[in-house]
Amino acid sequence: MAERVTETKVKIDASVEEVWKTISDVERWYEWTPSIKSILLLDPKPLHVGSRGLVEQPRLPRTIWQVTKLIRNQGFDWEAKSLGAHTIGEHWITPDPHGGVDVVLRVRQTGWLAWIFQGWIGKITREYVAMEARGLKLRCEQAISLRMMARGA
């Protein structure tokens, strides 16, 4: 069965460290993206390879995701497996030589269940990845602006 890939790239005017701090604090994602109701880490912080999180999203069943790859200040992958579906979420940060960072958010889906519901799940996945990109950009850029305003006050 073919792999379904949904990808969004976003330019963020913030440091790698700022974006990493925001994206790796998964339990606070609900604050900046409506695609997440809650994430509860089931293992001690900080996020690391092997970390599991119980993720609740609108219109989707609760799912346990597990971090399978993580490079501090660069990004992480996590996976969710269920009967008939395998999903990998990728979150990677690259410094832009002209300032800020580029972030790639990618979801890879395989399995017969993902294929059967591809129209429905594909639409939700595209919506949620776009929401996450917009929310991450806004959250990181607002944090920088607030710090700059506080220094100037």
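Look up a bit, the structure's there.
Computed from a predicted model, the values in this text were never measured in an experiment.

Student: Describe in detail the side chain of Thr6, supporting the description with residues and values.
Tutor: Residue position: Thr6 is located in strand β1 (residues 4–12). Relative accessible area serves as the criterion here: at 9%, Thr6 is assigned to the buried category. The contact partners of Thr6, leaving out residues within four places of it in the chain, are Leu105, Arg106, Val107, Thr125, Arg126 and Val129.

Student: A description of the nonpolar core should follow, citing residues and the corresponding values.
Tutor: Counting residues in hydrophobic clusters, the biggest one holds 29 residues, and the most contacted among them are Ile12, Val19, Trp29, Phe76, Trp78 and Val103. When near neighbours in sequence (up to four residues on either side) are disregarded, Trp29 contacts Thr22, Ile23, Ile36, Ile39, Phe76, Trp78, His91 and Glu132.

Student: Can you break down the sheet that holds strand β5 (residues 75–82) residue by residue, with the values?
Tutor: Within a sheet, adjacent strands bond to each other through the backbone by hydrogen bonds, running parallel or antiparallel. Taken in spatial order, the 7 strands make up an open sheet running β1-β7-β6-β5-β4-β3-β2, and their pairing is antiparallel. In the strand order of this sheet, the two ends are held by β1 and β2 (38–41), each with one partner. Looking at each pair of strands side by side, their axes are set apart by 20 degrees on average, direction ignored. As defined by bridge partners, β2 adjoins strand β3 (residues 52–56) across 4 bridges and the pair is classed as antiparallel. By the bridge assignment, Leu41 is partnered in β3 with Gly53. The sheet strands contacting helix α1 (residues 16–24) are β1, β4 (63–71), β5, β6 (85–95) and β7 (101–110), and the helix crosses β6 at an angle near 160 degrees.

Student: So what's going on with unusual backbone geometry? Which residues, and what values?
Tutor: Cis rather than trans, the peptide bond between Lys45 and Pro46 has omega equal to 0 degrees. On the secondary structure map, Pro46 appears in the loop between β2 and β3. Phi at Arg59 takes a positive value of approximately 65 degrees, unusual for a residue other than glycine. Its place among the elements puts Arg59 in the loop between β3 and β4. Unusually for a residue other than glycine, Asn73 sits at a positive phi of about 65 degrees. With respect to the helices and strands, the residue Asn73 is situated in the loop between β4 and β5. Given the relative accessible area of 24%, Asn73 is considered partly exposed.

Definitions and limits used
Residues numbered from 1 in each chain as written. Predicted model: local features only at pLDDT ≥ 70, side-chain atom pairs only at ≥ 80, totals over all residues. Heavy atoms only, no water. Helix = DSSP H or I, 4+ residues; strand = E, 2+ residues; numbered from the N terminus. Buried < 20%, exposed > 50% of the residue type's maximum accessible area, 1.4 Å probe, protein only. Contact = heavy atoms within 4.5 Å. Core = buried A, V, L, I, M, F, W, Y, C linked by side-chain atoms within 4.5 Å. Pairing = 2+ DSSP bridges. Axes fitted to C-alpha atoms, helices over the stretch in contact; angles between N-to-C directions.

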